[in-house]
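Residue-level structural notes
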Amino acid sequence: MNPSTLFASPSTPHRSVIYSPFLSPLPLRSTTHSKKLTLQRRRSRASINFSADDQSAPSTSPPPPNNVFGDKRELTGIQPLVAKLSPPARLATSALILGAAIAAGYGLGSRFGKSQTAALGGAVVLGAAGGAAGYALNACAPDVAAADLHNYVAGHGDPRAVKKDDIEKIVKKYGVSKQDEAFNAELCGIYCQFVSSVLPPGGEELKGDEVDTIINFKKALGMDDPDAAAMHMEIGRRIFRQRLETGDRDAGIEERRAFQKLIYVSTLVFGEASSFLLPWKRVFKVTDSQVEISIRDNAQRLYASKLKSVGRDIDAEHLVSLRKAQRSYQLSEELAMDLFRERTRKLVEENISSALSILKSRTRSVRSVTEVVKELDKIIAFNNLLISLKNHPNAAQFAPGVGPVSLLDGEYDGDRKMDDLNLLYRAYVTDSLSNGRMEENKLAALNQLKNIFGLGNRQAEAITLDITSKVYRKRLSQAVTGGDLETADSKATFLQNLCDELHFDPQKASEIHEEIYRQKLEQCVADGELDENDVSALLRLRVMLCIPQQTVEAAHSDICGSLFEKAVKDAISAGVDGYDADVKKSVQKAAHGLRLTKEVAMSIASKAVRKIFINYIKRARAAGSRTESAKELKKMIAFNTLVVTELLADIKGDSSDTSPEEPVKEEDKPVEDKQVEEDEEWESIQSLRKIRPGNELAAKLGKPGQTEITLKDDLPERERTDLYKTYLLFCLTGEVKKIPFGAQITTKKDDSEFVLLNQLGGILGLSTKEIVEVHRSLAEQAFRQQAEVILADGQLTKARVEQLDQLQKQVGLPPQYAQKIIKSITTTKMAAAIETAVGQGRLTIKQIRELKEAGVELDNMISESLRENLFKKTVDDIFSSGTGEFTEEEVYEKIPSDLSINAEKAKSVVIELARTRLANSLVQAVSLLRQRNRQGVVSSLNDLLACDKAVPSKPLSWEVPEELADLYAIYLNSEPAPEKLSRVQYLLGIDDSTADALREMGDRTISVGEEEEKFVF
């Protein structure tokens, strides 16, 4: 029998050729019976498909329909007889029929044949017929058993009620085997129909009990796993064929889902054996990953369906059952964990959505807020339940994923929803503080709610701080109004207890106290001053709120200081001509009425005044000439004298008309002593003397400007000194005016400009030392320019000294600075001359020593390379002096020390030069010998001895030995020192016998040579 015929569509009964590649046909014993059985099963399948289409998806898995296996079959022919006979009776009946047929044949043969042979032939013929009838009777037993099995299963209202014992009874009743072809085909067909009816269509989900139902039915039928697996594969082929035949895309998707469900259910039915019993990859050309995806997706859907039973009252027993279901569904731990968390998140999201709908309702009331809090309490209670279950002793047996709730990856995980969560959190905090205090359980609940909502610490703290601050202000206001705070023995303890009840940060409370004090202070100074009542009220508030003195001073500095700053700016903006009596009165009122300390008032005034000074400085920088810059600086000086000085006097409360003399304190005496020392420099520089006015000029100019507000910290020292120098040059040169035809006229100024210069130094914050330095540097610059012209050649004569003295007095430079400049110029000129002499070789070591004894610093005048060249030249002169003298101390120590060069480096230069000169001296001596220059020969041999003293040498070789003897003879006649003569004998390689012979000959050798020379000429 071919099992695929059970699922053939009635509309396509002749497509077996197309389906053949997917089939595993089973051999049949009877073609006629096979066709009949196939037709019956087609009808049965048609009814199954129809019923499946009409069936709606119930909430629980119902039993398969009654007509899953079709109607009962009717027995035909001898089948009713066989159904009534037991196997022994059937055998006896077959034997009886055979015996009766043989007897009848024998009787008929004897009767009609009239012979023994005819009787035996008749017995054989009728016996064969009887045997065939008996065989037919026994042969149809499997078909009758299969029909009986079909009728048994079809007769049950619920196919799951089929019992294995009843199947075994049918097998024993007919004496057949389950492996019999017809009976086995019927078993496979029944199983295949049952599995098809249990599996839901592609659009429906699995209910979860399909696997157990199929396994129990398979056990009841007593089927082997290979036969059952073949039926699962056959169902797969049917789905696969339907997918190929379906042209509709949606229907194709449903068929694919049905195929995935079949793979998943089949894998669970056969367990570990499914890998070789169900060859999905080989038959349907699917990959292992596709099979894994089918198992995973269906397991997820089943587990998700199972998780729908999870509510906010979940218990340990329920979690254990979920764990068992997860394992039975073969779902991984990670996926099960994600699904469980997703379920708990959705439960929480339902509460959040409900709370938000209430909170955002237009008809919201006080009761609505209570309902919102109830919804949030449900969330917190559910979260507590999950946390307790996570810490349960048997937590390992629970479904994975049990733990605190998180909104991550959910509906409320995003910046757009964060505002809604903030609203809920704010509502809960407000409700927690509704009774004026924060309970411990509410703190824990808020912490959980923050974690569930995924709020950051800063975000949650900001919301809590905002609401708690309002509650704290409200309770503080009640305590002040009711008098509880004022009558408290300890204000600090009262405030601390209030913070503890609200779990409020005392530092934040102090900030609120400061804010309250500032508000009160702003109210008090609304009229521009603080009277005694205001001061008393502020003091009372400060005592009640325990506000530190530093905070009070800062508040007064900010609030009162801003009012005072406005008055100062108004006074300054009035300008030089606008600082009248009304302005002075407003400044005095602001300075004393706002009760600012003198330091704070001066600080505010200094800031405003320095801004004006900076504006003057900017205009002076941008000016196109020195005269224009000086004019801007002069305006600043006038502004300082006429406005700033008066402003400071009004702030301090001093009279601007009188300047009382202050008594000299004892501690000022060291300062006066220092001033006496500085006066000497002031008196020595002419321009410095002018900036100190006399009594007559001081009386003429009036009161000097203030020096308390300066630009010392606003401008760098270099810029301040440049500005001072600009005005100083203006005082020295005067104002330059242009007249027609391109001419210029310089107008000299009187000494009053120098007094303004002194005031400018005070505004710029220059110290006495810095001012002196500017004047001296300018005088030095003028003196140097003219002195360099006078000392152009570096020679200092008596006439030039007198000229320089006159220039020094004219410029007003102190003598010591003038001498320093003169020395610098002469030294520079001398350095150039010395360096030139060294380069030209006109300077000897003797002259160098004389210059050093005269105090000339040669190290700064002569470069190191020139000093090294000078040393090399000096040594070369020693080796070519012709004296034969070489003193190591002189050459290796004294000369390098005089020239300030490295001694080791100098020694290496001497050795290298001596080696070179040693060979050259011998060549030079021979050359002079040939020229008959006896004195030159002696000098060359002495140079040879000098080089030998520096670098001791071995005897020298020469290609003409007679010439060496002549050299020795000439040197012998020059009457040298014995040690020199002995060393020359050694260096020339003259043995003692030759030397003695030359001594005996004396001057004969030379005289003979001279006579021969004269004869030649």
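Residues numbered from 1 in each chain as written. Predicted model: local features only at pLDDT ≥ 70, side-chain atom pairs only at ≥ 80, totals over all residues. Heavy atoms only, no water.

1. A few points about the overall build of the chain
- When helices and strands are tallied, the chain shows 47 helices and two strands.
- Contacts in the chain between residues far apart in sequence, at least 24 positions, make up 74% of those at least 6 positions apart.
- Summed over all atoms, the accessible surface of the chain reaches about 55,400 Å², with 51% contributed by carbon and sulfur. (Helix = DSSP H or I, 4+ residues; strand = E, 2+ residues; numbered from the N terminus. Contact = heavy atoms within 4.5 Å. Areas by Shrake-Rupley, 256 points an atom, 1.4 Å probe, with all protein chains shown as cover.)

2. Concerning the environment of Leu715
- Its location among the elements puts Leu715 in the loop between helix H32 (695-701) and helix H33 (717-733).
- Judged by relative accessible area, Leu715 falls into the buried class, the value being 8%.
- The sequence separation of Leu715 and Leu764 amounts to 49 residues, and the corresponding C-alpha distance is 8.3 Å.
- When sequence neighbours within four positions are dropped, the list of residues in contact with Leu715 reads Ile614, Ile617, Arg621, Arg720 and Leu723. (Buried < 20%, exposed > 50% of the residue type's maximum accessible area, 1.4 Å probe, protein only.)

3. A short note on the pattern of salt bridges
- Taken as a whole and assessed by the stated rule, the structure comprises 35 salt bridges.
- Across the pair Lys566 and Asp570 runs a salt bridge, and its minimum N-O distance is 3.4 Å. Of this pair, Lys566 and Asp570 both sit in helix H25 (residues 549-573), four residues apart, which is roughly one turn of that helix.
- Ionic pairing is found between Glu770 and Arg720, a salt bridge with its closest N-O pair at 3.9 Å. Of the two residues, Glu770 is situated in helix H35 (residues 768-790) and Arg720 in helix H33; the sequence distance between them amounts to 50 residues. Summarising the burial analysis for this pair, Glu770 and Arg720 share the class buried.
- Via salt bridges that share partners, Arg437, Glu439, Arg475 and Glu501 belong to a single interconnected network. (Salt bridge = Lys/Arg side-chain N within 4 Å of Asp/Glu carboxyl O.)

4. A look at the confidence of the model for the chain
- Per-residue confidence for the chain gives a mean pLDDT of 76; residues scoring 70 or more make up 74%.
- Contacts from residues 657-678, a stretch scored under 50 in pLDDT, to residues over four places away or in other chains number three contacts.
- Scored below 50 in pLDDT, residues 1005-1017 makes six contacts in the model with residues more than four places away or belonging to other chains. (pLDDT = per-residue confidence, 0-100.)

5. Digging into a positive patch on the surface
- There is a patch of like positive charges on the surface, built from Arg243, Arg249, Arg256 and Arg257.
- Of the residues forming the positive patch, the biggest block, three residues, is contributed by helix H11 (residues 249-270).
- Mapping Arg243 onto the fold places it in helix H10 (residues 225-245).
- Residue classification places Arg243 among the partly exposed residues on the basis of a relative accessible area of 37%. (Patch = residues over 30% accessible without salt bridge, like charges linked within 9 Å, V, L, I, M, F, W, Y side chains within 5 Å. Lys, Arg positive; Asp, Glu negative; His and termini not counted. Charge placed at Lys NZ, Arg CZ, Asp CG, Glu CD.)

6. Things to note about helix H34 (residues 752-763)
- The end-to-end C-alpha distance of H34 is 17 Å, a good match for the 16 Å that 12 residues give at a rise of 1.5 Å each.
- Burial runs high along H34: 11 of the 12 residues are buried. (Expected span 1.5 Å × (residues − 1).)

7. Focus on helix H44 (residues 961-973)
- Over its 13 residues, H44 extends 19 Å from the first C-alpha to the last, a length consistent with the 18 Å expected when each residue adds 1.5 Å.
- Every buried residue of H44 is listed here: Glu963, Leu964, Ala965, Leu967, Tyr968, Ala969, Ile970, Tyr971 and Leu972.

8. Focus on a negative patch on the surface
- Together, Glu334, Asp338, Asp409, Asp413, Asp415 and Asp419 make up a region of like negative charge exposed at the surface.
- Mapped onto the negative patch, the elements with two or more residues apiece are helix H16 (333-359) and helix H18 (415-432).
- Within the secondary structure, Asp338 is located in helix H16.
- According to the relative accessible area criterion, Asp338 is partly exposed, its value standing at 45%.

9. A short note on the nonpolar core
- Core analysis: the biggest nonpolar cluster contains 184 residues, and Tyr191 and Phe453 have the highest contact counts within it.
- The element best represented in this core is helix H28 (residues 598-622), accounting for 11 residues.
- Sequence-distant contacts of Tyr191, that is, excluding residues within four places in its chain, are made with Ile214, Phe217, Lys218, Leu221, Met223, Ala228, Met231, His232, Val269 and Phe270.
- Counting 50 residues, the second largest nonpolar core, distinct from the first, contains Val875, Phe886, Leu899 and Val938. (Core = buried A, V, L, I, M, F, W, Y, C linked by side-chain atoms within 4.5 Å.)

10. Description of the packing of H28 against helix H29 (residues 626-652)
- Between H28 and H29, the shortest axis-to-axis distance is 10 Å and the interhelical angle comes to 170°. Classified by the interaxial angle, the pair formed by H28 and H29 is roughly antiparallel. Residue-level inspection shows Lys598, Ala601, Met602, Ala605, Val609, Ile612, Phe613, Tyr616, Ile617, Arg619 and Ala620 of H28 in contact with H29, the latter providing Ser629, Glu632, Leu633, Lys635, Met636, Phe639, Asn640, Val644, Leu647, Leu648, Ile651 and Lys652.
- For the contact of H28 with H29, the per-class residue count stands at 16 nonpolar, two polar and five charged. (Axes fitted to C-alpha atoms, helices over the stretch in contact; angles between N-to-C directions. Parallel < 35°, antiparallel > 145°, perpendicular 65-115°, else oblique. Nonpolar A, V, L, I, M, F, W, Y, C, P; charged D, E, K, R; others polar.)

11. Points about the side chain of Lys491
- Residue placement: Lys491 occurs in helix H22 (residues 491-502).
- Of the side chains with opposite charge, Glu486 lies nearest to the buried Lys491, which makes no salt bridge, at 6.9 Å.
- A polar atom in the side chain of Lys491 sits 3.4 Å from the backbone oxygen of Ala488.
- With residues up to four places along the chain from it excluded, the contact list for Lys491 reads Leu485, Glu486, Val543, Met544 and Cys546. (Polar contact = N/O pair within 3.5 Å; in protein donor to acceptor, adjacent residues only side chain to side chain.)

12. Observations regarding the packing of helix H42 (residues 903-930) against helix H43 (residues 934-950)
- Relative to each other, H42 and H43 sit at 160°, their axes nearing to 8 Å. Taken together, the axes of H42 and H43 are roughly antiparallel relative to one another. Considering only the axes of H42 and H43, their crossing is left-handed. Touching Val910, Ala914, Arg917, Leu918, Ser921, Gln924, Ala925, Leu928 and Leu929 of H42 are Gly936, Val937, Ser940, Leu941, Asp943, Leu944, Cys947, Asp948 and Ala950, all from H43. (Left-handed = near helix turned anticlockwise from the far one by under 90°.)

13. Let's talk about unusual backbone geometry
- One non-glycine residue, Cys546, adopts positive backbone phi at about 55°.
- Inspection of the secondary structure puts Cys546 in the loop between helix H24 (532-545) and H25.
- Using a relative accessible area of 38% as the deciding quantity, one classes Cys546 as partly exposed.
- For Arg932, which is not a glycine, the phi torsion comes out positive at approximately 65°.
- Along the polypeptide, Arg932 turns up in the loop between H42 and H43.

14. Observations regarding the side chain of Ser196
- Note that Ser196 resides in helix H8 (residues 181-198).
- By relative accessible area, which is 11% here, Ser196 ends up buried.
- Among the polar contacts listed, one links the side chain of Ser196 to the backbone oxygen of Cys192, at a separation of 3.0 Å.

15. Brief notes about the packing of aromatic side chains
- Applying the stated criterion to the full structure yields nine aromatic pairs.
- Seen from their ring centres, Phe613 and Phe639 are 6.1 Å apart, and the 90° between their planes marks the pair as edge-to-face. A residue pair is termed long-range when its members are at least 10 positions apart, and Phe613 in helix H28 and Phe639 in helix H29 qualify at 26 residues.
- Between the aromatic rings of Tyr727 and Phe730, the centroid separation amounts to 5.6 Å while the plane-to-plane angle is 50°, which identifies the pairing as tilted. Of this pair, Tyr727 and Phe730 both sit in helix H33, separated by three residues, roughly a single helical turn. Residues Tyr727 and Phe730 agree in their burial class; the two are buried.
- Joined through ring pairs, the aromatic side chains of Phe259, Trp280 and Phe284 make up one cluster.
- A cation sits over an aromatic face here: Arg619 above Tyr616, 4.7 Å from the ring centre. (Phe/Tyr/Trp six-rings, centres within 6.5 Å; stacked < 30°, edge-to-face > 60°. Lys NZ or Arg CZ within 6 Å of the ring centre and 35° of its normal.)

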